[in-house]
Every structure is written in C-alpha cells, then in structure tokens.
Amino acid sequence: MNLATKTIRSVDDLKDVVATYERFGEFALDVETRASRKVRMLTLPGDIPPATKGTSRAATRTVVCPSCGREFPPRHGRKWCDDLCRLAAEKDKPALDARTNAVWSISLAGPGRADVIPCGHPDPRQQLEVDDVFAALEPLLFSDRRKIGQNVSFDLLSIAKYYDGAIPPPPYGDTLTLIFLLNENLPSYKLGALSKRYLGLAYADKLGEHAYTTFFEKAVRYSLVDAKMAWMLWWKIHPKLTKATARKLADLFDLEMQVMHVLMNMRQAGAFVDLEEFHHIRPELERQFTEKLAEIREMVGACKCERPRWVERDGINLNSTAQLAHYLYDEAKLRCEFLTEGGARSTSAQALKGLTKRHPVPGMVLEFKDLQKLQSTYISGYIPHIDEDSRIRASLNQTRAKTGRLSCSDPNLQNIPARHKETFEATMVRRLFRAPPGKKLIVADYSQIELRILAHQTKDRLLVYAYTHNLDLHAQTASLIWRIPQDQVTGEQRAIAKNSNFNFAFEGGPGRVEAMSGIPIREAEEVYSAWHRAYPGVKKWGKTVKRFCWEHGYVETLYGRKRRLPEITSDDWKERSYAERQAVNHPIQGTAADIAKIAIVEVHKTLQDFDAALVLQVHDEFVIEVAERQVDEVLPLVRTAMEDIRLGTRPVLDVPLEVNISVGNNWAECK
DNA sequence: ATGGGTAGCGCG
DNA sequence: AAAGCGCGCTACCCAT
C-alpha cells in the first residue's frame, strides 16, 4: 500500500485536510508530545521555602534541587536534596503524562493518504499554531468516525487537554488491543515490531521520545509513519474479526474499546489521597525501621565474612538476601529449611518465621522488613505520583495480563496492603485513599467470583448446589471433608476448608495447604483426597480442559478470550505441567476478568447520571467516589449493574453472582 | 552509570 | 512424584 503523504503548513492546507478526512468513516491518528512541566512538586502547599535568589552569600554555597526547587548545601555527587526528590526525578516522565504534555505534531492517515501537521517543533520554519490546529480538527475528532491508533488512548488523552478535557468520543480502533486480543504471546507490541510482523515492513522506531529534539524533516517523517502504520495495521488485521467464525472475538474487541473509554475517564479523574498524611507517615515509619535496624545490628555485630565491603561501614544490610542468609545460616548456625528456586538458602518470610523459635533476630528482621516495605513501596513510592490536586493517576493497562485482567502501574494501586499484620496496622495506606469533601467512597466487590465460575464450568453437583442455595461454601467443604454436620464445623476447620477451596480448585497440591494452614503434610494429603472426593467434577473438568488445550493449542473463557499455550505439548515435565495449570486457570480467571470488564462498562454508564466516578478497579472490586446525597440512590444501581451480567440474552453463569457493597470515608473503612 | 536477572512480597 | 495463576515494584548484585 502506497499512501500519498503531505506536510501541512498553512490554514488552507489544513482546511483541505479536514474536508478530505470528513469524507472518511474512520481514520488513524498519532500525536507527538513533549514535556511541558518539570517533575511533580513534592512539598506540601505552604511548605515551600522561599527560593532566595542570590540575596545572601549562602547562595554561593547551595544548589537548587531540580525536583522541588529547594536550596540545599551541595554534597559530593548529590543532585537532589533528598531521596524523595531523587525518586521523583526517576519516576516522573512528564513527556508521557497525557494530562500535562504538549502536542507538537499530529498526523492523520486514511484511505490512500497520510498527512502530518507540525505545530510546535522547535524548527524555525513555518508551522501552524497548535490551538488553531485543534480548533480546525474539532469536527473530525468529535464526530462518530472511528479513531484508530496504536495505543490510541494516550493520543486521545493528550488531545483532550485542548478541548477542556473532553475526550474525543467512540468508536475507537486501538491496534494494540486488537493485536493483543488475537495474540497475547508476542515478545513486543511496539509499532515497529508489529508492522514488521504483520506488514513485513521494517522501520526503525528507535526515535521514540527523541523525536522532538531531532531534525525537522526526520521528526515529521517519524510522526507521519506512526499514523500510517496504525492505519495499515488496522486494515490488515481488523477484517479478521468480521468473519462469521470470529463473532466472539469481535464482541470482545468492542468490549475492550468500551473499557478503554472508561479507563481514560478514570485516568483523568484519578484517586484522591490524603497528601498531608503521606508526608506525616513517611518519617514516622522511617524512624521505626531505622530504630529496629540499629537494634538488630547491635545483636548481629561485625561479621567475619570475607566480604568486608558491607561489614566495615554500617553493619549488615538486611535487604541483601546474601548477607542475611550468611548471617543466619553461617554465623548464627541456624538450620536452613527452605531453598529458593535458584537453589540458594531462602530468607523469605516463611523461612524466617520458622526460625523465630530458635533465635531472636529472625523475628526482628521480619518486623523490619514489614515496615521497610510499607515505607519504600507504598509511601515513598507513591508520593512522587501524587499530582498537585492530591490525586494519583495510575495507568490501568489492558494489554499486559494474558488472562484478560487489567493491570495497574505507575504506581500499582492493585496491591495495597489489605490484611492485618501482627505487629502493626498494615492497612494504613488504604486509609489514605479518601473520599474528597462532600463525597463518600463506595466499595463494591464480587463475592467468590472465581469459585462461582468454577462451579459453573465444572458443573460439579455440590459446588453448584452451594451457590444456588446461597450456602456458606467453606463451611460446606469442611463438613464434607470431615464428614460432620455443618453446625459442628470449627473455625479452624473452616479456615482449612477455605484454603483448600482456593488451592485445589486450580491444581494446587497438598503442600500448599500444609504451608498455609500449618497442618502436618499427612493430614493435608488426606484433606486433598477428601476434597476431590467431595467435588469430583473439578478434576474431571481439569482433565477435559487439558485435553482440549493439547488438541487445539489454546483454551478460552466463556466469552471466547483465548490463551495460547504451545508448551502444553512439551516433553519437559516442568514446562508442560506449568502450561497445564495455566490452561486450567485461564477459563476461571479469564472469565472473571471478562465479567469485570462488562461490569466496569455498565457501572460507568450508570454513574453518568450522578455526581459520581469510578476511582479504582482491583480485579473483582470497584471503588467509586460519589456525592454524599446520592449514595442511597447509586448503591442499588451499582449492585444491579454488577450482578446482572449476561452472555447473549442469558445470565452468564448457572449460579448467581453476588456483590458486597459498603460505604465509607476512606478505603480501609469499607469492608 | 545502566540493564538484566533473582529474590521477595504486596494484591486478587 | 508433585503441583496455583495473574500481575508490578523494590532492592541487590553482577555484567557491560
């Protein structure tokens, strides 16, 4: 395919372009952007020390921190005034922040042509003004024409700034999501790799973020090529979905595009947090774990290890598995019970826990690690992501998890501590995710969705029975394992049964239940066989799924989302077994993901009539921000949106979906 | 200095 | 015989 290309430099040319593309039902687009701000301001409002501009002689002895703007005494080799500012500089990528970046070029591609509109490249030659360009493009972008692009949500969000935050409306055609749906195992989803694979066109996409600083002609060509490639990819690949055999995939793709729209809105809104508390907790935790560290170092003392590098100065580094293992197993002569995958002596929490009875240090190390983890990952790690309006705008990614789940990054808000720790309140971070003034948080989560899907998929009589009769499945399991009436089940038995349900359902073995419940392996083995006697449909279904995968090379969810597993036929036992467990897992986890995606679209639609917005998605859980006065009205609508999920015209599962909903002022409160 | 691999760990 | 899957992030460590 050879496309006529043009560089647009005048208002007349721009008018021509708009008139031309208005004749098309769909077009591809790509924007090039640059950073328009420095890294995020890290200090609290009102906490910013006045940057004394050379008024005192101190100015000659201080340097300005590039992150926060504060002056600080220069220390050898230090660019930033403290760790937080260093983190901010490392994490923050202003050019890729669609909310603040500046567009300096936009390119379009359609049937037989491609055009590029430079509008802010530093080259001195004639260019249009970016505001004029977007004013002219408005009828095109805000029409029902399909907007196509590679990772087009980034482009659309970058564009939205120029329309007061209004996102160009659907329909969308994201080539990244399209290709991921058709093949989730590619080594790279960059445009260069995809065009080589699907179009046989090799082109260098190494320019990346440097496009802005490179020569005009090259930069413009680069900008143009991306739109062109996206257009060609779309036309090469999308027709595959229109075949009658691809009906399910076509529906899934439509769903993904609707989800993309929701995610763009969520990203714009962000999650409100208590910035002041973040800054309050950080030094407090730091104090606690440095204290603990000093205590431990006191006891560990200097070590006669042959690597003096880490002994001489500060004593043992507890974050180093090598040093910790050396101390525990060589110096303190403790018996090593666990090995790592790589064969090294393990210093995992599990291993340390087993040593606490014999030695005081492992327990202290555990406490130290808990505090340090909380501080580094969830406090210091999050602060550089907080915007000036006290909101965190993480990325929710649609093309990472091969089962179809969403993933979350920069920062990951899907792994915030939720469970209690013995020594301290680990849910403190959740408490920092708050409802802004005048609003409440609603948390709605599916109850045991994966086990319900298991019941549906396996058709196991007693699993289905438990859910259709709204029984306590874990108690039922305990009653079946130990052959006792349900009202005689102890709390401990129920806990073991619960672990069994989650483990054995996905090809888990007795070893895991042994580890989690702390019961002897012999007992765990008995529980294992009793569980499978109680629910014979599970193993039977597992065998069927594995055979299907072996014959077809893939497995799929109820909605037809495929997972290709070529290793299923491997001769290597380890590889093959892994693939088999993945095969059994995918129809469960993947179907849950499909349901969650349908739900997120429905919930988002529902909230449009209210002063409410989705804030977070954690797989089977939605966090929603809603005006206080509307809470009572919204609650039942959210429940219906989530519970009434259909496949075609019928409810998706043979068993009901159940949703728990709670309301509160912060996330920790809702449970 | 920067990148990849490993260990470890948070969540569902 | 032995067996959970799916993510992302921090820190360390060694190589380039």
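What you see is a predicted model; the values in this text were computed from it and never measured.

(A) Region of the structure containing the overall build of chain A. Per the secondary structure count, chain A includes 22 helices and 20 strands. Relative to a compact globule of 671 residues, whose C-alpha radius of gyration would be 26 Å, chain A shows 28 Å and is just as compact. When its C-alpha atoms are laid out on the principal axes, chain A stretches across 85 × 75 × 60 Å. Looking at chain A residue by residue over its 671 residues, the buried ones come to 53%.

(B) Structural detail: the packing of aromatic side chains. In total, this model carries 16 aromatic pairs according to the counting rule given. Between Trp234 and Phe253 the ring centres are 5.9 Å apart and the planes differ by 45°, which places this aromatic pair in the tilted class. Residue Trp234 is located in helix α7 (residues 216-237), and its partner Phe253 is located in helix α8 (residues 247-269); the two are separated by 19 residues in the primary sequence. Through successive ring pairs, a cluster of aromatic residues spans Phe134, Phe142, Tyr162 and Tyr163. A cation over a ring is seen here: Arg197 above Tyr198, with NZ or CZ 5.5 Å from the ring centre. Here Arg430 stacks its cationic end above the ring of Trp667, 4.1 Å away from the centre of that ring.

(C) Structural context of the protein's contact with DNA strand C. Close to DNA strand C lie 34 residues; Lys91, Ser320, Arg400, Arg563 and Arg581 are nearest. A breakdown of the atoms of DNA strand C within 4 Å of the protein gives sugar and phosphate a share of 75%. Side-chain polar atom of Arg400 to a phosphate oxygen of DNA strand C: 2.6 Å apart, as the coordinates give it. Side-chain polar atom of Arg512 to a base nitrogen of DNA strand C: 2.7 Å apart, as the coordinates give it. Elements with a minimum of two residues in the surface near DNA strand C: α12 (360-380), β12 (407-409) and α21 (573-607). Counting residues per element, the surface near DNA strand C draws most heavily on α21, which supplies six residues.

(D) Spatial organisation of the environment of Ile624. Note on placement: Ile624 falls in strand β17 (residues 621-627). Classification of Ile624 as buried rests on a relative accessible area of 0%. Residues Ile624 and Ala444 lie 180 residues apart in sequence; the distance between their C-alpha atoms is 8.1 Å. Among all residues touching Ile624, those that are not within four sequence positions of it are Lys440, Leu441, Ile442, Val603, Leu607, Ala613, Leu614, Val615 and Val638.

What counts as what
- Residues numbered from 1 in each chain as written.
- Chains lettered and ligands numbered in written order.
- Predicted model: local features only at pLDDT ≥ 70, side-chain atom pairs only at ≥ 80, totals over all residues.
- Heavy atoms only, no water.
- Helix = DSSP H or I, 4+ residues; strand = E, 2+ residues; numbered from the N terminus.
- Rg over C-alpha atoms; globule rule 2.2 N^0.38 Å.
- Buried < 20%, exposed > 50% of the residue type's maximum accessible area, 1.4 Å probe, protein only.
- Phe/Tyr/Trp six-rings, centres within 6.5 Å; stacked < 30°, edge-to-face > 60°.
- Lys NZ or Arg CZ within 6 Å of the ring centre and 35° of its normal.
- Near = heavy atom within 4 Å.
- Polar contact = N/O pair within 3.5 Å; in protein donor to acceptor, adjacent residues only side chain to side chain.
- Contact = heavy atoms within 4.5 Å.

By themselves, these are just geometric observations and shouldn't be taken as functional.
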